[in-house]
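# Structure at a glance
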Amino acid sequence: MRHDHLIDTKQLSRQDIEDVLDRAAEIDADPAAFGDRHAGKLLGLLFYEPSTRTKMSFETSIKRLGGDIVDMGSVESSSVKKGESLADTTRVIEGYADALVLRHPSQGAAKMVSEFVDVPLLNAGDGAGHHPTQTLLDLYTIRENAGLDDLTIGIMGDLKYGRTVHSLAHALTNFDTRQHFISPGSLKLPRSVRYDLHEAGANVREHTDIEDVLPNLDVLYVTRIQRERFPDENEYRAVAGDYRIDLETLEDARDDLTIMHPLPRVDEIAPEVDETDHAKYFEQAHNGIPVRMALLDSMLEDQ
């Protein structure tokens, strides 16, 4: 993959995706072989929202490639609290680093920043927009467990505000997949996302009940109802807890069903599911290391 920035999955072709996943598989098989690939390189972290897996896996990834980080730290301890703009903060940290990772609560923030920075920029989530590096580790997990063609995948939960959903749905249009979206009516896919998927020729169906489609699924991708994305607390309370996977739910599932979740979860997957062969969400989180190492390795090659 040779892009200056990774802002959303719509910019990725099937070949781009497969190149990253293949490189991730090489790293996964022999991580020590990549240990000094980018010695001396610095990755700038700008996280305007809380993060555990994404931030720590980027930090781990650059260190396992021989590099290190410069970290803006929390918004509360930075000059953002003094009123400094995103543009100014990014311009400053760009001067300290060889590549940048940005997470921001405003949709479109990464696209805006990409227009004036000269080092590679990776979007680590922009509001309800996109989260392309999460999608690539999701695709790696799917490929390892179920393949990426002739696949029936269900995506359940918060489809309106879920940026991981939007990114994954777009990326899956590069493959032979049938996508089923399961959500309450108030959390359906945004019209703009549905339009883009139809324009890309995606095979898309929408449901309100998981029982309608579960027996046909190869993969079930579960997302939490994201309280922080709701402009109205009453809207959140009306749907919270409506969609939950437990052992009783899975009685109608295929034996080889793969269950995924971008995490964190609240109560949408019962802990009892963790002990089944279906549960792949912790494996999915661990896959963030080889996949993000592969992305950084590619984007820093010519830096």
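All of these numbers come straight from a predicted model, not from anything done at the bench.

### A word on the overall build of the protein chain
Per the secondary structure count, the protein chain includes ten helices and ten strands. The C-alpha atoms of the protein chain give a radius of gyration of 19 Å, which matches the 19 Å a tight globule of 303 residues would have. Overall size of the protein chain, expressed as C-alpha extent along the three principal axes, is 55 × 45 × 40 Å. Counting over 303 residues, the protein chain shows a buried share of 56%. Of the roughly 13000 Å² of accessible surface on the protein chain, 43% is carried by carbon and sulfur atoms. For the protein chain, the distance from the average position of its 32 positive side-chain charges to the average position of its 56 negative side-chain charges is 5 Å.

### Remarks on the layout of surface pockets
Of the pockets and cavities examined, the largest pocket occupies roughly 440 Å³. Along its surface, the largest pocket is lined by 21 residues, and R103, R163, R224, L263 and P264 are the ones closest to its centre. Listing elements by their share of the lining of the largest pocket, those giving two or more residues are α2 (53-64) and α6 (163-172). Classifying every residue of the lining of the largest pocket gives four nonpolar, ten polar and seven charged. One number sums up the size of the second largest pocket: a volume of about 270 Å³. Along its surface, the second largest pocket is lined by 17 residues, and K10, Q107, A128, G129 and H130 are the ones closest to its centre. Counting only elements with at least two residues in the lining of the second largest pocket, the list comes to α6 and α7 (191-199).

### Notes on the environment of P215
Mapped onto the elements, P215 comes out in the loop between β8 (203-207) and β9 (219-222). Here the alpha-carbon distance between P215 and E251, two residues 36 residues apart in the chain, equals 9.2 Å.

### Considering empty space enclosed by the protein
Scanning the entire structure with this criterion turns up two cavities of 30 Å³ or more. Here the largest cavity defines a volume of roughly 70 Å³. R53, T54, Q134, L137, H261, P262, L263, Y281, Q284, A285 and R292 together form the lining of the largest cavity. Mapped onto the lining of the largest cavity, the elements with two or more residues apiece are α2, α5 (132-146) and α9 (281-286). The greatest single-element share of the lining of the largest cavity, amounting to three residues, is contributed by α9. In terms of residue class, the lining of the largest cavity is made up of five nonpolar, four polar and two charged.

### What to know about the sheet that holds strand β5 (residues 121-126)
Strand order in the open sheet made by the five strands is β1-β5-β4-β2-β3, with parallel pairing throughout. What marks the edges here is a single partner per strand, and that holds for β1 (5-6) and β3 (68-71). In this sheet, β3 lies alongside strand β2 (residues 42-47) in parallel orientation, the contact comprising four bridges. Within β3, the position partnered with L42 by the bridge is D68. Across the sheet, helix α3 (residues 86-94) is in contact with β2, β3 and β4 (99-104); its angle to β4 comes to roughly 155 degrees.

### Concerning the sheet that holds strand β7 (residues 177-182)
With respect to topology, five strands assemble into an open sheet ordered β8-β7-β6-β9-β10, the strand pairing being parallel. Whereas interior strands pair on both sides, the edge strands pair on one side only; in this sheet they are β8 and β10 (258-260). Put simply, the sheet's adjacent strands are angled 20 degrees from each other on average, direction ignored. In the sheet, β9 pairs with β10 via three bridges, with the strands oriented parallel. Across the sheet, L220 pairs through a bridge with I259, a residue of β10. Along the sheet, α6 contacts β6 (151-156), β7 and β9; its crossing angle with β7, the most-contacted strand, is approximately 160 degrees.

### Observations concerning the packing of aromatic side chains
Counted by the stated rule, this structure contains one aromatic pair. In this structure, R91 is placed above the aromatic ring of F116, and the distance from its NZ or CZ to the ring centre is 4.4 Å.

### Regarding the packing of α6 against α7
Where α6 contacts α7, the axes come no closer than 9 Å and their chain directions differ by 10 degrees. By the criterion of interaxial angle, the relationship of α6 to α7 is roughly parallel. Across from H166, A169 and H170 in α6, the residues of α7 making contact are V193, D196 and L197. Taken together, the residues of the contact of α6 with α7 sort by class into three nonpolar, two polar and one charged.

Cut-offs applied
Residues numbered from 1 in each chain as written. Predicted model: local features only at pLDDT ≥ 70, side-chain atom pairs only at ≥ 80, totals over all residues. Heavy atoms only, no water. Helix = DSSP H or I, 4+ residues; strand = E, 2+ residues; numbered from the N terminus. Rg over C-alpha atoms; globule rule 2.2 N^0.38 Å. Buried < 20%, exposed > 50% of the residue type's maximum accessible area, 1.4 Å probe, protein only. Areas by Shrake-Rupley, 256 points an atom, 1.4 Å probe, with all protein chains shown as cover. Lys, Arg positive; Asp, Glu negative; His and termini not counted. Charge placed at Lys NZ, Arg CZ, Asp CG, Glu CD. 1 Å grid on protein atoms, 1.4 Å probe; cavity = no way out; pocket = protein on both sides within 12 Å on 5 of 7 lines; lining within 4 Å. Points joined across faces, edges and corners; volume = space filled by probe spheres on them. Nonpolar A, V, L, I, M, F, W, Y, C, P; charged D, E, K, R; others polar. Pairing = 2+ DSSP bridges. Contact = heavy atoms within 4.5 Å. Axes fitted to C-alpha atoms, helices over the stretch in contact; angles between N-to-C directions. Phe/Tyr/Trp six-rings, centres within 6.5 Å; stacked < 30°, edge-to-face > 60°. Lys NZ or Arg CZ within 6 Å of the ring centre and 35° of its normal. Parallel < 35°, antiparallel > 145°, perpendicular 65-115°, else oblique.

Everything listed here is a matter of geometry and, on its own, says nothing about what the molecule does.
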